[in-house]
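Coordinates in review
Letter by letter, the chains look like this.
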Amino acid sequence: MSRFEILLPYYGDVALMQDAVRSILAQDGDDWRLTVVDDGREAGVPEWFDGLADSRVRYYRNEQNLGVTGNFNRCVELAEYEYLVLMGCDDLMHPNYLQVVRAAADREPGAAMIQPGVVVIGSDGQPFDTLVDRTKRKLYAPKGPGRALLGGEELAASLLRGNWLYFPSICWRTEAVKRFGFRQDLGVIQDLALVIDLLVAGESLATTPEVCFSYRRHAESESSAKAYTGHRFEEAKRFFTETADRLDRHGWPNAAKVSRLHLSSRLHALTLLPGAVKHAGRPGVSAMLRHATR
């Protein structure tokens, strides 16, 4: 029985997308399907998918550009199987990805999210260790056994303190994601917003340490581009403030306090100031200083 819907919302570099697709096609088993939703107009892409002639692959091209969040939600609409993966179109699955998440899903069938082990790579595909990723590992990610089932206010506070998840690598229970979808008013932090929605609803996250996914981090990403202009942090401040009020009402005062402080987001803005000077000038610098100090 088909169990895993691998969704690839695509826009951008054709070669990286093709590498991502090849990494998915290398997965074992017959319990999965790849659905690609093309939000761009790159020449030759539909023909390349036709040439695959693979019954496990569905390809759609949007009639008009939906944007990042809109295309995420279009992918979720198309998901039909028990679990879904919303993979980045420049990331790579290792051949053991589905083996790892299958085993985790079998161990923790009630979990709405499965976070496997991840390695970070750069634009060239080589290992790439950044300050952001070192901070995730050393300060924010849970310590102790690699396999765990987490949830409730404790997990919400942990992620609001510093989001240590790697969103494109997560395997989600489809029913849970469809219940909420991605917030259309968010363009960068929509993944964390969905996780908080799920935790408030009583859902849980299973972690497993086996490395099975390469997450690509490079300056051309949507989040990096918006960071230099300050747009990312304007959105983040609004989200953290709204979430703090919501968690107070929900009876999670500690998580609300962490969200209101959003210290890691403030520190991240400060680390990007030199880049903002170079790429965005005074408006970007001013926006990030406001985020860091207010």
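Residues numbered from 1 in each chain as written. Predicted model: local features only at pLDDT ≥ 70, side-chain atom pairs only at ≥ 80, totals over all residues. Heavy atoms only, no water.

**A closer look at the overall build of the protein chain**
Looking only at helices and strands, the protein chain has 14 helices and nine strands in total. Within the protein chain, buried positions represent 53% of all 294 residues. Nonlocal contacts in the protein chain, meaning residues at least 24 apart in sequence, comprise 79% of its contacts between residues at least 6 apart. In the form shown here, the protein chain has an accessible surface area of approximately 13,300 Å², with 54% of it arising from carbon and sulfur atoms. (Helix = DSSP H or I, 4+ residues; strand = E, 2+ residues; numbered from the N terminus. Buried < 20%, exposed > 50% of the residue type's maximum accessible area, 1.4 Å probe, protein only. Contact = heavy atoms within 4.5 Å. Areas by Shrake-Rupley, 256 points an atom, 1.4 Å probe, with all protein chains shown as cover.)

**Focus: the pattern of salt bridges**
Going through the model one piece at a time under the given rule, you end up with 25 salt bridges. Between R61 and D38 there is a salt bridge; the shortest N-O distance is 3.0 Å. A residue pair is termed long-range when its members are at least 10 positions apart, and R61 in strand β3 (residues 57–61) and D38 in strand β2 (residues 32–38) qualify at 23 residues. Take R61: its relative accessible area is 28%, and that puts it in the partly exposed class. In this structure D38 comes out as buried when scored by relative accessible area, which is 0%. Because the salt bridges share partners, they merge into one network encompassing E5, R33, R58 and E80. (Salt bridge = Lys/Arg side-chain N within 4 Å of Asp/Glu carboxyl O.)

**Description of the packing of aromatic side chains**
This model, assessed by the stated rule, comprises ten aromatic pairs. Ring centres of F49 and Y59 lie 4.7 Å apart, and the angle between their planes is 20°; on these two criteria the pair is classed as stacked. In this pair, F49 is assigned in helix α2 (residues 45–52) and Y59 in strand β3, connecting sequence segments ten residues apart. Assessed through its relative accessible area of 22%, Y59 is described here as partly exposed. Pairing F167 with W172 gives two aromatic rings, centres 6.0 Å apart and planes at 70°, and the pair type is edge-to-face. Judged by its relative accessible area of 11%, F167 is buried. The exposure class assigned to W172 is buried, which follows from its relative accessible area of 1%. (Phe/Tyr/Trp six-rings, centres within 6.5 Å; stacked < 30°, edge-to-face > 60°.)

**Some thoughts on the packing of helix α6 (residues 152–161) against helix α11 (residues 253–261)**
Look at α6 against α11: their axes get within 8 Å of each other, and the N-to-C directions meet at 5°. With respect to α11, the element α6 is oriented roughly parallel. For the pair formed by α6 and α11, the contact residues are E153, A156, A157, L160 and R161 on the first element and P253, N254, A255, V258 and S259 on the second. Each residue belonging to the contact of α6 with α11 can be placed in one class, and the counts come to six nonpolar, two polar and two charged. (Axes fitted to C-alpha atoms, helices over the stretch in contact; angles between N-to-C directions. Parallel < 35°, antiparallel > 145°, perpendicular 65-115°, else oblique. Nonpolar A, V, L, I, M, F, W, Y, C, P; charged D, E, K, R; others polar.)

**Observations concerning the pairing of β2**
The element β2 is largely enclosed, with a buried count of seven among its seven residues. Pairing geometry for strand β1 (residues 4–10) and β2, over seven bridges, is parallel. Its bridge partner being in β2, L8 is matched across the sheet by V36. Following the backbone out of β1, through helix α1 (residues 14–25) and into the adjacent parallel β2, one traces a crossover that is right-handed. Bridge count between β2 and β3: five bridges; the pairing is parallel. From the neighbouring strand, D38 faces β3, where its bridge partner is R61. You can see the chain leave β2, run along α2 and come back into β3, and the turn it takes is right-handed. (Pairing = 2+ DSSP bridges. Right-handed = clockwise from strand over helix to strand, strands pointing away.)

**Considering the packing of α1 against α2**
Two numbers describe how α1 lies on α2: the axes approach to 12 Å, and their chain directions differ by 20°. Relative to α2, the element α1 lies roughly parallel. Note that α1 runs across α2; the crossing there is right-handed. Taking contact as the criterion, the partners of V14, M17, Q18, V21, R22 and L25 in α1 are, on α2, V45, W48, F49 and L52. Tallied by class, residues from the contact of α1 with α2 come to eight nonpolar, one polar and one charged. (Left-handed = near helix turned anticlockwise from the far one by under 90°.)

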